[in-house]
Amino acid sequence: MKARVSVHRDFQIGSIDDRLYSAFIEHMGRAIYGGIYEPGHPQADEDGFRQDVLQFVQDLKIPAIRYPGGNFVSAYNWEDGIGPKDQRPVRLDLAWRTKETNQVGINEFARWSEMAGIEMMLAVNLGSRGLDEARNFLEYTNFPGGTTWSDLRRSHGVENPYDVKMWCLGNEMDGPWQIGHKKAVEYGRLANETAKAFKGFDRSIETVVCGSSNDGMPSYPEWERQVLEECYENVDYISLHKYFGNRSRDTLNFFGKVEETGRYIQTIAGAIDYVKAKKRAKNDVFICFDEWNVWYHEREEDGRRIREWDWPEAPALLEETYNFEDALFVACLLNEFIRRSDRVRIACIAQLVNVIAPIRAEKGGPAWRQTIYYPYQFASLYGRGTALNVGVDAPTYDCRVADDVKYLDVAGVHDPGTDIVTLFMVNRHLDEAAELDVSLTGFAGARLIEHLSMEGHELLVGNSGADPDRVVPGKGDGLGVEDGALKGSISPLSYHVVRLSVT
Ligand code: AHR
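Because the structure is a prediction, the values reported are computed rather than measured. (Residues numbered from 1 in each chain as written. Predicted model: local features only at pLDDT ≥ 70, side-chain atom pairs only at ≥ 80, totals over all residues. Heavy atoms only, no water.)

Turning our attention to the overall build of the chain. Each helix and strand counted, the chain has 10 helices and 26 strands in total. Taken over the C-alpha trace, the chain has a radius of gyration of 23 Å; the compact-globule value for 503 residues is 23 Å, and the two agree within 12%. Dimensions of the chain, computed from the C-alpha atoms along their principal axes, are close to 70 × 60 × 45 Å. Across the 503 residues in the chain, those meeting the buried criterion constitute 60%. In the chain, the proportion of contacts linking residues at least 24 apart, taken out of those at least 6 apart, comes to 77%. (Helix = DSSP H or I, 4+ residues; strand = E, 2+ residues; numbered from the N terminus. Rg over C-alpha atoms; globule rule 2.2 N^0.38 Å. Buried < 20%, exposed > 50% of the residue type's maximum accessible area, 1.4 Å probe, protein only. Contact = heavy atoms within 4.5 Å.)

On to unusual backbone geometry, then. A cis amide bond links Gly-69 with the next residue in sequence, Gly-70, at an omega value of 15°. In this structure, Gly-70 sits in the loop between strand S4 (64-67) and strand S5 (91-93). Following Tyr-220, the chain continues to Pro-221 via a peptide bond in cis, the omega torsion being 0°. Following the sequence through the fold, Pro-221 ends up in the loop between strand S9 (206-209) and helix H6 (222-231). You will see that Arg-97, though not glycine, has its phi angle at about 50°, which is positive. Structurally, Arg-97 can be placed in the loop between S5 and strand S6 (98-100).

As summarised here, the arrangement of the 7 strands in space is S2-S15-S19-S20-S26-S22-S23, forming an open sheet in which the pairing is antiparallel. Whereas interior strands pair on both sides, the edge strands pair on one side only; in this sheet they are strand S2 (12-15) and strand S23 (474-475). The sheet contact formed by strand S20 (residues 420-427) and strand S26 (residues 494-501) spans 8 bridges and is antiparallel. Across the sheet, Thr-422 pairs through a bridge with Arg-499, a residue of S26. (Pairing = 2+ DSSP bridges.)

One way to put it is that H6 packs onto helix H7 (residues 251-279) with a least axis distance of 9 Å and a crossing angle of 35°. Once H6 is placed against H7, the crossing between them reads as right-handed. Contacts between H6 and H7 involve Glu-224, Arg-225, Leu-228 and Glu-229 on the former and, on the latter, Ile-268, Ala-271, Ile-272, Tyr-274, Val-275, Lys-278 and Lys-279. Residue classes in the contact of H6 with H7 are distributed as 6 nonpolar, no polar and 5 charged. (Axes fitted to C-alpha atoms, helices over the stretch in contact; angles between N-to-C directions. Left-handed = near helix turned anticlockwise from the far one by under 90°. Nonpolar A, V, L, I, M, F, W, Y, C, P; charged D, E, K, R; others polar.)

Topologically, Ala-350 is positioned in strand S12 (residues 344-350). Along the primary structure Ala-350 and Gln-103 are separated by 247 residues, whereas in three dimensions their C-alpha atoms are 22 Å apart. If sequence neighbours within four positions are ignored, Ala-350 has contacts with Phe-24, Tyr-243, Glu-291, Trp-292, Asn-293 and Ile-356.

Now for the side chain of His-496. Following the sequence through the fold, His-496 ends up in strand S26. A distance of 2.8 Å separates the side chain of His-496 from the side chain of Ser-494, its partner in a polar contact. (Polar contact = N/O pair within 3.5 Å; in protein donor to acceptor, adjacent residues only side chain to side chain.)

So, on to the site of the ligand. Close to the ligand lie Phe-24, Glu-26, Gly-70, Asn-71, Trp-96, Asn-171, Glu-172, Tyr-243, Glu-291, Trp-295, Gln-351 and Ile-356, which account for all nearby residues. The contact in question runs from an oxygen atom of the ligand to an N or O atom on the side chain of Tyr-243, over 2.8 Å. Gln-351 is positioned with one of its side-chain polar atoms (N or O) 3.0 Å from an oxygen atom of the ligand. Starting from 290 Å² of accessible surface for the ligand in isolation, the protein chains cover 95%. With respect to the detected pockets, the ligand is housed in the largest pocket. (Near = heavy atom within 4 Å. Areas by Shrake-Rupley, 256 points an atom, 1.4 Å probe, with all protein chains shown as cover. 1 Å grid on protein atoms, 1.4 Å probe; cavity = no way out; pocket = protein on both sides within 12 Å on 5 of 7 lines; lining within 4 Å. Sits in = over half its atoms within 2 Å of the grid points.)

Within the fold, Glu-320 resides in the loop between helix H8 (299-308) and helix H9 (324-339). Polar side-chain contacts of Glu-320 include one of 2.9 Å to the backbone nitrogen of His-297. Not counting residues up to four positions away in its chain, the partners in contact with Glu-320 are Val-294, Trp-295, Tyr-296, His-297, Glu-298, Arg-299, Ile-356, Arg-360 and Gln-370.

Before going further, it helps to examine the environment of Val-5. Checked against the element boundaries, Val-5 lands in strand S1 (residues 2-8). Along the sequence, Val-5 and Leu-440 sit 435 residues apart, while their C-alpha atoms lie 8.8 Å from each other. When residues no more than four places from it in sequence are discounted, the contact partners of Val-5 are Val-390, Gly-391, Leu-408, Val-410, Asp-437, Val-438 and Ser-439.

Another point: the sheet that holds strand S16 (residues 391-393). The strand order across the open sheet formed by 5 strands is S16-S1-S21-S25-S24, and the pairing between neighbours is mixed. Edge positions in the open sheet fall to S16 and strand S24 (479-482), since each of these has one partner strand only. Sheet twist, expressed as the average angle between the axes of neighbouring strands with direction ignored, equals 20°.

Once that is clear, we can look at the pattern of salt bridges. Under the definition given, this model contains 40 salt bridges. Across the pair Asp-163 and Lys-165 runs a salt bridge whose closest N-O atoms are separated by 3.3 Å. Judged by relative accessible area, which is 40%, Asp-163 ranks as partly exposed. What makes Lys-165 partly exposed here is its relative accessible area of 23%. Between Asp-236 and Lys-199 there is a salt bridge, with its nearest N and O atoms 2.7 Å apart. Taken together, the residues Asp-236 in the loop between H6 and strand S10 (237-244) and Lys-199 in helix H5 (residues 184-201) connect sequence positions 37 residues apart. In this structure Asp-236 comes out as buried when scored by relative accessible area, which is 18%. Salt bridges sharing partners connect three or more residues here, namely Glu-259, Glu-336, Arg-339, Asp-409 and Arg-428. (Salt bridge = Lys/Arg side-chain N within 4 Å of Asp/Glu carboxyl O.)

Take the layout of surface pockets next. Empty space within the largest pocket amounts to approximately 670 Å³. Around the largest pocket sit 32 residues that line it, and Glu-172, Trp-177, Tyr-243, Trp-295 and Arg-299 are the ones nearest its centre. Looking at the lining of the largest pocket, the elements that each hand over two or more residues are S10, H7 and H8. Looking at which element gives the most residues to the lining of the largest pocket, the answer is H8, with 4 residues. The class makeup of the residues in the lining of the largest pocket is 12 nonpolar, 10 polar and 10 charged. (Points joined across faces, edges and corners; volume = space filled by probe spheres on them.)

Okay, structure coming up:
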């Protein structure tokens, strides 16, 4: 197959918000307990944080992390997680039918985030609780001192406030499964009042209101319109969630779900524009895609277990093992986020450790990286700067979820600081190589400085604790710069990161 790609210095989508490469971690399964925190593990520090897991996290250069949930947050009392650990209550977590020991709370998580070099993005409980607890939490985390909650924080050994700037107003409030689930107008009003109070405290705080849990919800996209009509002026982002699977074992259709996601983003952008116009508002609201990932391998088994189990502490839950096909899908999805970075400012891989995660931590044993770790890492490391509006002329296919899906998926980023252009490319064709001709208009003196690839693996093969490096990136070949253009061939079902120094 022949593919012509046009990259032009002046054809830009705009500046990418670094937070496009953020993550999410919930008090759920073995994400916190047995994931980032495992006291007694040979790799744990004096506070119980696993340094092997931390190293893998640091290597991702994650800008922000959403915490503590997820469904968990909708019945969470943040006060249970502060003060002396031996006096913290053990509670039932109704979302996942487990026991929460509260041995990790806001202060422990803040310490871990600081070690990881990640900014916290906190969610408040607008399910079982409301504005009052949320404002107390804000005072505890963000006020310097001299008030009840800020002095309590200081008495817990944290002198300086955390000054948290990003606040999520609940989680998936459209979902009937959510504890404290609400109707759109009811939730929109509560979100508005909470956001108003937070911005009244500090105008530089950014708020994220809950959009739909997924684009299959019966209330989608009416939910977005109704919620935004209640709170538009006081929110900065509306969240989207979407998880992906290939249950029917149809690889091309699976890849087509990236185009479906493009429609989802476009629809929410339309709802935002409609409400903005209706309200004659001045402010912009952007999209925070704060839960995304592949999630289907373990789903049915966990569902059975959750109904049967007897409130265990930190059980293995949603521990997906990812394969090569999932890595190709994640690479394409990240490309879509770059292409839609005009509207999507924040996105969070869900989740980070053990639970539907790029990093796995064996109990008492080693940590290892899943196949999807690598496309996420490369996007985070090299996908910063200006998103380019790349033209792709390649053969297409139709599938159940989308028509005219290009076999070649490309996103391009120019980092003006280093003058490096990075191309992220996936050849989705099942059996044909792509003969590439990539013009680089306006970028003089292009020189190939690095070519990384993931290719040549069976689609269903992944990594494991016993074989952690079975599917890893390697040095790519077959591409070179000729007469100012990138030319060469990439194999079927392959992922490439091509970095070019330009002037
Ligand atoms: O990430 C797992 C769960 O998926 C989250 O708790 C919830 O927000 C979503 O439904």
